[in-house]
Amino acid sequence: QRLEEGDLLSSEESLRFNRFLIEGMFPAAIEGVYVSSWRYVLFIYGVMGILVAAMVWWLLRDHPRLHPWCNEQEQALIRGSETESLDHEPFPLKEILTCPSMWFSAVSQFFINVAWLFIVTWFVAFLMEEHSLSIMERSLAMTIPLIVGFFGMLLGGMFTDFMAKGGRSLRRARAFPWGGGALCAAAAFAVCPLLDNPWSITAMMAIVAFSVDFAVPSVWAFTQDVGGKYVGSVLGFGNMFGNFGAAVSGPLLAYISMEYSWDFMFLVCAGVLCVSSAAGF
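Keep in mind it's a predicted model, so treat the numbers as computed, not measured.

A. Representation of the overall build of the protein within the structure. When its secondary structure is counted, the protein shows 12 helices and 0 strands. Along the chain direction, N to C, the helices and strands of the protein fall in the order α-α-α-α-α-α-α-α-α-α-α-α. For the protein, the C-alpha radius of gyration of 24 Å lies well beyond 19 Å, the compact-globule estimate for 281 residues. In terms of principal-axis extent, the alpha carbons of the protein reach across some 80 × 40 × 35 Å. A buried classification covers 35% of the 281 residues belonging to the protein.

B. Structural context of the side chain of Thr 202. The residue Thr 202 is located in helix H10 (residues 198–227) in this model. On the accessibility criterion, Thr 202 (1% relative accessible area) is buried. Not counting residues within four places of it along the chain, the set of residues in contact with Thr 202 comprises Phe 123, Leu 127, Ala 141, Ile 144 and Pro 145.

C. Region of interest: the packing of aromatic side chains. Applying the stated criterion to the full structure yields 21 aromatic pairs. Seen in terms of ring centroids, Phe 110 and Phe 111 are 5.0 Å apart; in terms of plane orientation they differ by 80°. Their pairing is edge-to-face. Between Phe 241 and Phe 244, the ring centres sit 5.7 Å apart and the planes meet at 85°, which makes this aromatic pair edge-to-face. Here Phe 244 and Phe 241 lie together in helix H11 (residues 231–259), a separation of 3 residues that amounts to about one turn. Following the ring pairs from residue to residue traces out a cluster consisting of Phe 118, Trp 122, Phe 123, Phe 126, Phe 189, Trp 262 and Phe 266. The cationic tip of Arg 168 hangs over the ring face of Phe 162; the distance from NZ or CZ to the ring centre is 4.8 Å.

D. Representation of the pattern of salt bridges. Counted according to the given criterion, the structure contains 1 salt bridge. Here Asp 225 makes a salt bridge to Arg 174, at a shortest N to O gap of 2.7 Å. On the criterion of sequence distance, the pair formed by Asp 225 in helix H10 and Arg 174 in helix H9 (residues 170–191) is long-range, its members being 51 residues apart. When its relative accessible area of 33% is taken as the criterion, Asp 225 is described as partly exposed. You can call Arg 174 buried: its relative accessible area is 10%.

E. Spotlight on unusual backbone geometry. Unusually for a residue other than glycine, Ser 132 sits at a positive phi of about 55°. As for its position among the elements, Ser 132 is in the loop between helix H7 (123–131) and helix H8 (135–163). Residue Ser 132 is classed as buried on the basis of its relative accessible area, which comes to 14%.

F. Just helix H4 (residues 72–79), in detail. Where H4 starts, the residue carrying a side-chain oxygen 3.2 Å from the main-chain nitrogen of Gln 73 turns out to be Asn 71. Positive phi shows up at Gly 80, right after H4, with a value of about 70°.

G. A look at the confidence of the model for the protein. Per-residue confidence for the protein averages 88 on the pLDDT scale, and 91% of its residues sit at or above 70. Averaged pLDDT values over the elements of the protein bottom out at 63 in helix H2 (residues 27–34) and peak at 96 in helix H12 (residues 262–280).

H. Here's a closer look at a nonpolar patch on the surface. A cluster of nonpolar residues, Val 41, Ile 44, Tyr 45 and Met 48, forms a patch on the protein surface that exposes about 420 Å² of accessible area. By the secondary structure assignment, Met 48 is in helix H3 (residues 39–59). Residue Met 48 is classed as partly exposed on the basis of its relative accessible area of 48%.

I. Spatial organisation of the side chain of Gln 109. Within the secondary structure, Gln 109 is located in helix H6 (residues 100–121). Taking the relative accessible area as the measure of exposure, Gln 109 reaches 10% and is therefore buried. Once residues within four sequence positions are removed from consideration, Gln 109 is found in contact with Val 219, Gly 238, Asn 239 and Gly 242.

J. The arrangement of the state of the cysteines in detail. Applying the stated criterion to the full structure yields 0 disulfides. Cys 274 carries a free sulfur, and the closest cysteine sulfur to it, the one in Cys 184, is 11 Å from it.

K. Structural context of the nonpolar core. Residues Phe 118, Phe 123, Phe 126, Phe 189, Met 205, Val 208 and Phe 266 are the most contacted members of the largest nonpolar core, which totals 35 residues. Of all elements in the fold, only H6, H7, H8, H9, H10, H11 and H12 reach the threshold of two or more residues within this core. Ranked by the residues each element gives to this core, the list is headed by H12, at 8 residues. If we skip the residues at most four places from it in the chain, Val 208 touches Ile 119, Ala 185, Ala 188 and Phe 189. Ranked by size, the runner-up nonpolar core spans 9 residues in total, among them Ile 96, Met 102, Phe 222 and Val 234.

What counts and what doesn't
Residues numbered from 1 in each chain as written. Predicted model: local features only at pLDDT ≥ 70, side-chain atom pairs only at ≥ 80, totals over all residues. Heavy atoms only, no water. Helix = DSSP H or I, 4+ residues; strand = E, 2+ residues; numbered from the N terminus. Rg over C-alpha atoms; globule rule 2.2 N^0.38 Å. Buried < 20%, exposed > 50% of the residue type's maximum accessible area, 1.4 Å probe, protein only. Contact = heavy atoms within 4.5 Å. Phe/Tyr/Trp six-rings, centres within 6.5 Å; stacked < 30°, edge-to-face > 60°. Lys NZ or Arg CZ within 6 Å of the ring centre and 35° of its normal. Salt bridge = Lys/Arg side-chain N within 4 Å of Asp/Glu carboxyl O. Polar contact = N/O pair within 3.5 Å; in protein donor to acceptor, adjacent residues only side chain to side chain. pLDDT = per-residue confidence, 0-100. Patch = residues over 30% accessible without salt bridge, like charges linked within 9 Å, V, L, I, M, F, W, Y side chains within 5 Å. Areas by Shrake-Rupley, 256 points an atom, 1.4 Å probe, with all protein chains shown as cover. Disulfide = S-S within 2.5 Å. Core = buried A, V, L, I, M, F, W, Y, C linked by side-chain atoms within 4.5 Å.

Here it is, written out as structure tokens:
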């Protein structure tokens, strides 16, 4: 539209326009340059999912005593000194709904997902629109935060276990890495509007991924601390609100991208992570 109206494009805008034009006119050739086909990726993921489902169906049991691979010595170690009751107690719905910590957990998971989804949804669009990175560069930039997040998950689990040792406060052992991780992620988002280099912003997204994943083991450990035999339901309660946050993230960030700016989107993500951090603490 600007070209039709006689406007002149800057060199950066011309470069971006020409690349989009070439990718649109020769999609098959461009696909051959970058990847053979995206369909193979979906086939691989689908087969891996089926294999995992088959393993779960084959191995999973309702109780260790029902599994043929769990011998009597292992069952005694799992039971410990307590005598297990086979009576079915009523589900503690009232206790769950009236527990403040459960609602703080739900709030934290809701808002942390609103911000974290930026990495796997809008970060690629940001790199393309604002910095004109090629497909291969965008793929690399997307991969870096997710790989770094893997190490954050491992270290976060080790850290919360370390803090819980020696009679230390169990609440602090969960709350500190949980709230602290979300706060560090908020700081990384808040720095992004001050940066011009796409790889510097990618580094900030890596810090976001690391910090969020650093907090996740504390979230899971919290559900085991308070859930007991109902850990699945307690985990599902918080995770449900986390999924609500993921569902809200898409349309919210889309609205911000259309009505405001990328810098404002970074600040919104930082703000919701501050809320998540406060709830985590």
